[in-house]
Amino acid sequence: MLPAFAFTLALAAVDDRPADALALWRDVNAVRAAAGLAPLALEPQLCDVARAHARDMATRNYFDHESPEGVGPFDRLARAGWHYGYAGENIALDADEGRVESDLYASPGHRANMLGPHYRRVGIAAVRTPAGEIFVEDFSD
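Everything numeric here is computed off the predicted structure, so don't read it as measured data.

What counts and what doesn't
Residue positions are counted from 1 within each chain, in the order its sequence is given. pLDDT decides what is reported in this predicted model: residues at 70 or higher carry local features, side-chain atom pairs at 80 or more are listed and counted, and totals for whole chains, interfaces and linings draw on all residues regardless. The basis for every side-chain value is the complete set of non-hydrogen atoms in the structure, without hydrogens or water. Numbering of helices and strands starts at the N terminus; helices are DSSP runs of H or I of at least 4 residues and strands are runs of E of at least 2. We call a residue buried when its accessible area falls under 20% of the maximum for its residue type, exposed when it is over 50%, and partly exposed in between, using a 1.4 Å probe and counting protein chains only. Under this definition, polar contacts are N or O atom pairs within 3.5 Å; protein pairs additionally need one hydrogen-donor-capable and one acceptor-capable atom, and for neighbouring residues in sequence, both atoms have to be side-chain atoms. Multiplying 1.5 Å by the residue count of a helix minus one yields the expected span of that helix. Contact criterion: two residues are considered in contact whenever any of their non-hydrogen atoms come within 4.5 Å of each other. A pair of strands counts as paired when DSSP detects no fewer than two bridges linking them. Classification of ring pairs uses Phe, Tyr and Trp, with its six-membered ring standing for Trp, and accepts pairs whose centres are within 6.5 Å; under 30 degrees between planes counts as stacked, over 60 as edge-to-face, and the remaining range as tilted.

Asker: Got a sec to walk through the side chain of Ser-140? Specific residues and values, please.
Answerer: For Ser-140, the location among the structural elements is in strand S5 (residues 132–140). Classification of Ser-140 as buried rests on a relative accessible area of 0%. At a separation of 2.8 Å, a polar atom in the side chain of Ser-140 contacts the side chain of Trp-82. One polar contact links Ser-140 to Asp-141, side chain to side chain, over a distance of 3.4 Å.

Shown next as structure tokens:
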């Protein structure tokens, strides 16, 4: 996973990768099962929020939980009309889904979101860019 300060994209077409998003969802649920936690339901509305953020990062050449205007994950959820008690977000950039899953699990903060016992739903998006794939996971209760 590349640190935010090393992220640079050439502006180009963004390619949605729904199969990679589904693979990451299965991987997250496998990690949760191994920890004795219930699986997360894949929530279409959260997937839309995640996809919009991933595409925005790719097309506007930034990599952050907050947009250049300061719009963060909780703002995006509220704008989408999503109500939650708990929510969290993981973002990652890597060559492919297999590598990003292991990178996320190796990071204590990302792993805490993946294994959050209060989460019941997740939205996941993946988009391919010239720099690799951007993944966004939006977690909610």
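Read on for the rest.
Asker: Please give an account of helix H2 (residues 44–60) that cites residues and values.
Answerer: In a regular helix each residue adds 1.5 Å, so 17 residues correspond to 24 Å; H2 covers 24 Å between its end C-alpha atoms and thus fits that length. Buried residues belonging to H2 abut strand S2 (41–42), helix H3 (73–79), strand S3 (87–94), strand S4 (121–129) and S5. Positive phi appears at Asn-61, one or two residues downstream of H2, with a value of about 60 degrees.

Asker: Lay out the pairing of S5 with the relevant residues and their values.
Answerer: Counting buried positions over the nine residues of S5 gives nine, a clear majority of the element. As defined by bridge partners, S3 adjoins S5 across eight bridges and the pair is classed as antiparallel. Bridge assignment links Leu-93 to a residue of S5, and that residue is Ile-134. Of the pairings in the sheet, the one linking S4 to S5 comprises nine bridges and is antiparallel in character. Paired with Arg-121 across the two strands is Ser-140, which belongs to S5. Between S4 and the antiparallel strand that follows it, S5, lie two residues.

Asker: A description of the packing of aromatic side chains should follow, citing residues and the corresponding values.
Answerer: This model, assessed by the stated rule, comprises two aromatic pairs. Between Phe-74 and Tyr-84, the aromatic rings sit 6.1 Å apart at their centres with planes inclined by 35 degrees, giving tilted as the arrangement. Within this pair, whereas Phe-74 is found in helix H3, its partner Tyr-84 is found in the loop between H3 and S3, the two being separated by ten residues in sequence. The partly exposed category is assigned to Phe-74, whose relative accessible area is 42%. Residue classification places Tyr-84 among the partly exposed residues on the basis of a relative accessible area of 33%.

In short, the description is geometric, and any link to function would need to be established separately.
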